[in-house]
Amino acid sequence: MDTSQARRKRTLLKVILLGDCGVGKTSLMNQYVYKKYSEHYKSTIGADFVTKELQVDDKTVTLQIWDTAGQEKFQSLGSAFYRGADCCVLVYDVNVPRTFETLNAWHDGFSKQADLNDPEAFPFVLLGNKIDLNVGHNQPVCEEKVKEWCDSRGNMPYFQTSAKENYNVEEAFSCVAKIALENEHEQDIYFPRMSETVSEAEPRSPCAC
Ligand code: GDP
Ligand code: MG
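Residues numbered from 1 in each chain as written. Chains lettered and ligands numbered in written order. Predicted model: local features only at pLDDT ≥ 70, side-chain atom pairs only at ≥ 80, totals over all residues. Heavy atoms only, no water.

## Here we look at the overall build of the protein chain
Step number 1: Assigned secondary structure in the protein chain consists of 8 helices and 7 strands.
Step number 2: Each of the 209 residues in the protein chain was classed as buried or not, and the buried ones make up 44%.
Step number 3: In the protein chain, once contacts between residues fewer than 6 apart in sequence are set aside, the share between residues at least 24 apart is 74%.
Step number 4: By element, 49% of the accessible surface of the protein chain is carried by carbon and sulfur atoms, the whole surface being about 11,800 Å². (Helix = DSSP H or I, 4+ residues; strand = E, 2+ residues; numbered from the N terminus. Buried < 20%, exposed > 50% of the residue type's maximum accessible area, 1.4 Å probe, protein only. Contact = heavy atoms within 4.5 Å. Areas by Shrake-Rupley, 256 points an atom, 1.4 Å probe, with all protein chains shown as cover.)

Quick look at the structure:
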């Protein structure tokens, strides 16, 4: 049997969004995946993650983006949430210093729960969201401090974003996909050929995964 024709390679990348409640994680995800923004968005209904397909160079990848759905207490997120993550996106609000200061706890908590051997080698991306509110020269969170923090955490890529104005959202998630791909757990999905499927007494479901 020519298995090379029956098999297709697919890359699924698991991405986790973390950060304090209210920083805009759900809004960023909705802007990126659905091109929608709402001031009154309720947490994801009945779903732990959403998916989006995109191209990275000439490869098609599927991002599986996990949102915390309002349970931003670290302890309340089960280990299934972290298992097999390919990238962790940390989000803070550029207008609220406290949300930047808690990043250490999110970063270290993730590293521990996901059982990372080398957190500096794991792909994290930092997003400073709600930049649309940060007008003028008033900088509640000092950019120098942010850059230093990223450097000290293994040169973490950093983007200023606005989920509201769709600023840098696409760019940020493209970077997420790219660095996640470098850390991927490639999945082989088996697609039976038509002739195989019809000749079987009980055809397997093509989407048993
Ligand atoms: P989460 O708790 O981290 O998921 O945050 P949400 O996505 O629920 O956002 C919290 C609030 O901030 C909501 O009222 C959003 O409309 C608002 N918000 C989110 N992103 C932005 C942004 O980029 N700019 C502004 N001005 N508001 C935002
Ligand atoms: Mg949310």
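After presenting the structure, the write-up continues.
## Structural notes on the site of ligand 1
Step number 1: Neighbouring ligand 1 are 19 residues; G22, K25, S27, Y37 and D132 lie closest to it.
Step number 2: Within the contact set of ligand 1, an oxygen atom lies 3.5 Å away from a side-chain nitrogen or oxygen of S162.
Step number 3: Take the shell around ligand 1: its biggest share by element is 3 residues, from helix α2 (residues 25-34).
Step number 4: Here the residues of the shell around ligand 1 sort into 5 nonpolar, 7 polar and 7 charged. (Near = heavy atom within 4 Å. Polar contact = N/O pair within 3.5 Å; in protein donor to acceptor, adjacent residues only side chain to side chain. Nonpolar A, V, L, I, M, F, W, Y, C, P; charged D, E, K, R; others polar.)

## Let's talk about the environment of V33
Step number 1: Locating V33 in the fold gives a position in helix α2.
Step number 2: Taking relative accessible area as the criterion, V33 reaches 16% and is therefore assigned buried.
Step number 3: Separated by 136 residues in sequence, V33 and V169 have C-alpha atoms that sit 10.0 Å apart.
Step number 4: In contact with V33, not counting residues within four places along its chain, are V50, T51, K52 and I65.

## Considerations on the pairing of strand β5 (residues 124-129)
Both faces of the sheet carry side chains from a regular strand, because those side chains alternate between them.
Step number 1: Of all 6 residues in β5, 6 are buried; the element is thus mostly enclosed.
Step number 2: Where burial is concerned, the two faces of β5 agree: the one with F124, L126 and G128 and the one with V125, L127 and N129 are both buried.
Step number 3: Sheet topology note: the strand β4 (residues 87-93)/β5 ladder contains 6 bridges and is parallel. For C88, the partnering residue across the bridge sits in β5 and is F124.
Step number 4: The sheet contact formed by β5 and strand β6 (residues 158-160) spans 3 bridges and is parallel. Among the inter-strand pairings, L127 is bridged to a residue of β6, identified as F159. (Pairing = 2+ DSSP bridges.)

## Looking at the side chain of R153
Step number 1: Assignment of secondary structure puts R153 in the loop between α6 (143-152) and β6.
Step number 2: Setting aside its immediate chain neighbours within four residues, R153 contacts N104, H107 and D108.

## Overview of the side chain of D93
Step number 1: As for its position among the elements, D93 is in strand β4.
Step number 2: When residues no more than four places from it in sequence are discounted, the contact partners of D93 are V23, T99, N129, K130 and V141.

## Quick notes on the nonpolar core
Step number 1: Residues L63 and I65 are the most contacted members of the largest nonpolar core, which totals 30 residues.
Step number 2: Among the elements of the structure, β1 (7-18), α2, β2 (49-56), β3 (59-66), β4, β5 and α7 (169-181) are those that each provide at least two residues to this core.
Step number 3: It is α7 that provides the largest number of residues to this core, a total of 9 residues.
Step number 4: Residues within four places of L63 in sequence aside, it is in contact with L13, V15, Y32, V50, T51, K52, L54, F173 and A177.
Step number 5: Counting residues in each nonpolar core, the second largest holds 25 residues, with L18, V94, W106 and F124 among its members. (Core = buried A, V, L, I, M, F, W, Y, C linked by side-chain atoms within 4.5 Å.)

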